[in-house]
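If you want the building blocks of each chain, they are given just below.
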Amino acid sequence: MAQEQPDAARIEAADFLQLVRSRRSIRKYKPRPVEEALLAEILEAGRYMATGGNAQSVRYLVIQKEAPRIQAAAWESLRRIVETMQASPDASKNGYLATMQRILRRRDKDPRDDRLFFGAPVILLVLSPSVTDGPLAAASIELMAHASGLGALYCGFAQIAIARSEALCRELGIVPEQLQACLLLGYPDVKFLRTPPRRAAQVRWM
Ligand SMILES: Cc1cc2nc3c(=O)[nH]c(=O)nc-3n(C[C@H](O)[C@H](O)[C@H](O)COP(=O)(O)O)c2cc1C
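Residues numbered from 1 in each chain as written. Predicted model: local features only at pLDDT ≥ 70, side-chain atom pairs only at ≥ 80, totals over all residues. Heavy atoms only, no water.

(A) The arrangement of the packing of helix α3 (residues 67–87) against helix α6 (residues 156–163) in detail. Relative to each other, α3 and α6 sit at 85 degrees, their axes nearing to 8 Å. In terms of orientation, α3 and α6 fall into the roughly perpendicular class. Residues A74, S77, L78 and I81 of α3 form the contact with α6, whose own contacting residues are I160, A161 and I162. (Axes fitted to C-alpha atoms, helices over the stretch in contact; angles between N-to-C directions. Helix = DSSP H or I, 4+ residues; strand = E, 2+ residues; numbered from the N terminus. Parallel < 35°, antiparallel > 145°, perpendicular 65-115°, else oblique. Contact = heavy atoms within 4.5 Å.)

Structure follows, in structure tokens:
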């Protein structure tokens, strides 16, 4: 049976905009696990997002119990990526290389300096054959996480490290080309006092 349509008007537009404006990337998390029921609830925000042709092909892999092992494998993968890139004649042209080198250097100096997973207890992999449907779902989930008191971070470098490791993808049972977003989740250990500055929207009206 179809679910009753909730009354969207109960959410004031100004409240929704405030939620969007106050969302920040969280890079500091409490070392506290996230309840599975809460994670299941925030995934609902992905489930109800639009999908091209109503394909509804977005799937999720929630990594929490196994996170330390998966993170260690991802760190090894990042190291291999950097070594391979450094050896390439095009190394200087790669804009990401310097950042990845810096992430690794900091980790080597102090193993607690985690600029890849930022101490987040949960890694959420958003999987889809569609390069649009996956990120759309991820954006909705990120906002829902914020509304639920959780912090989130899109982590492109963690995504690359996972997707580029054949062994890790095999172990996780994922197709690397379908990894559309890697979201870190957890209880934030940081508070922002004001909304971030943003450039004015570039809009043409016709
Ligand atoms: C696709 C994507 C990938 C990102 N990858 C990383 C990352 O690897 N590491 C990181 O610290 N932040 C990452 N970010 C977060 C951005 O740096 C952040 O959104 C931006 O600086 C604006 O800050 P705010 O989200 O707090 O408003 C990523 C964001 C997006 C959308």
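(B) Structural detail: the side chain of Q180. Within the fold, Q180 resides in strand β4 (residues 179–186). A polar atom in the side chain of Q180 sits 2.7 Å from the backbone oxygen of S128. A polar side-chain atom of Q180 sits 3.4 Å from the main-chain carbonyl oxygen of S130. Excluding residues within four positions of it along the chain, Q180 makes contact with V126, S128, P129, S130, V131, G134, P135 and Q159. (Polar contact = N/O pair within 3.5 Å; in protein donor to acceptor, adjacent residues only side chain to side chain.)

(C) Region of the structure containing the sheet that holds β4. What the four strands build is an open sheet, ordered β1-β2-β4-β3; its pairing is antiparallel. Two strands bound the open sheet, and with one partner strand each, they are β1 (59–63) and β3 (151–154). Ignoring strand direction, the axes of neighbouring strands in this sheet form an average angle of 25 degrees. Across the sheet, helix α2 (residues 36–47) lies against β1, β2 (122–127) and β4, angled at about 155 degrees from β1, the strand it touches most. Running at roughly 125 degrees to β4, α6 makes contact with β2, β3 and β4 of the sheet. (Pairing = 2+ DSSP bridges.)

(D) Region of interest: unusual backbone geometry. For Q56, which is not a glycine, the phi torsion comes out positive at approximately 50 degrees. Among the structural elements, Q56 can be located in the loop between α2 and β1. Judged by its relative accessible area of 55%, Q56 is exposed. (Buried < 20%, exposed > 50% of the residue type's maximum accessible area, 1.4 Å probe, protein only.)

(E) Representation of helix α4 (residues 97–109). In this model, α4 (13 residues) spans 18 Å end to end at C-alpha, consistent with the 18 Å of a helix rising 1.5 Å per residue. Where α4 is buried, its residues touch α3 and α6. (Expected span 1.5 Å × (residues − 1).)

(F) Just the pattern of salt bridges, in detail. Across all of its chains, the model carries 11 salt bridges by this definition. Among the ionic pairs, R69 bridges to E171, the shortest N-O distance being 2.2 Å. Of this pair, R69 sits in helix α3 while E171 sits in helix α7 (residues 166–172), placing them 102 residues apart in sequence. With relative accessibility at 44%, the residue R69 sits in the partly exposed group. In this structure, R106 engages D113 in a salt bridge whose closest nitrogen and oxygen atoms are separated by 2.9 Å. Within the structure, one salt-bridge network assembled from shared partners comprises E66, R69 and E171. (Salt bridge = Lys/Arg side-chain N within 4 Å of Asp/Glu carboxyl O.)

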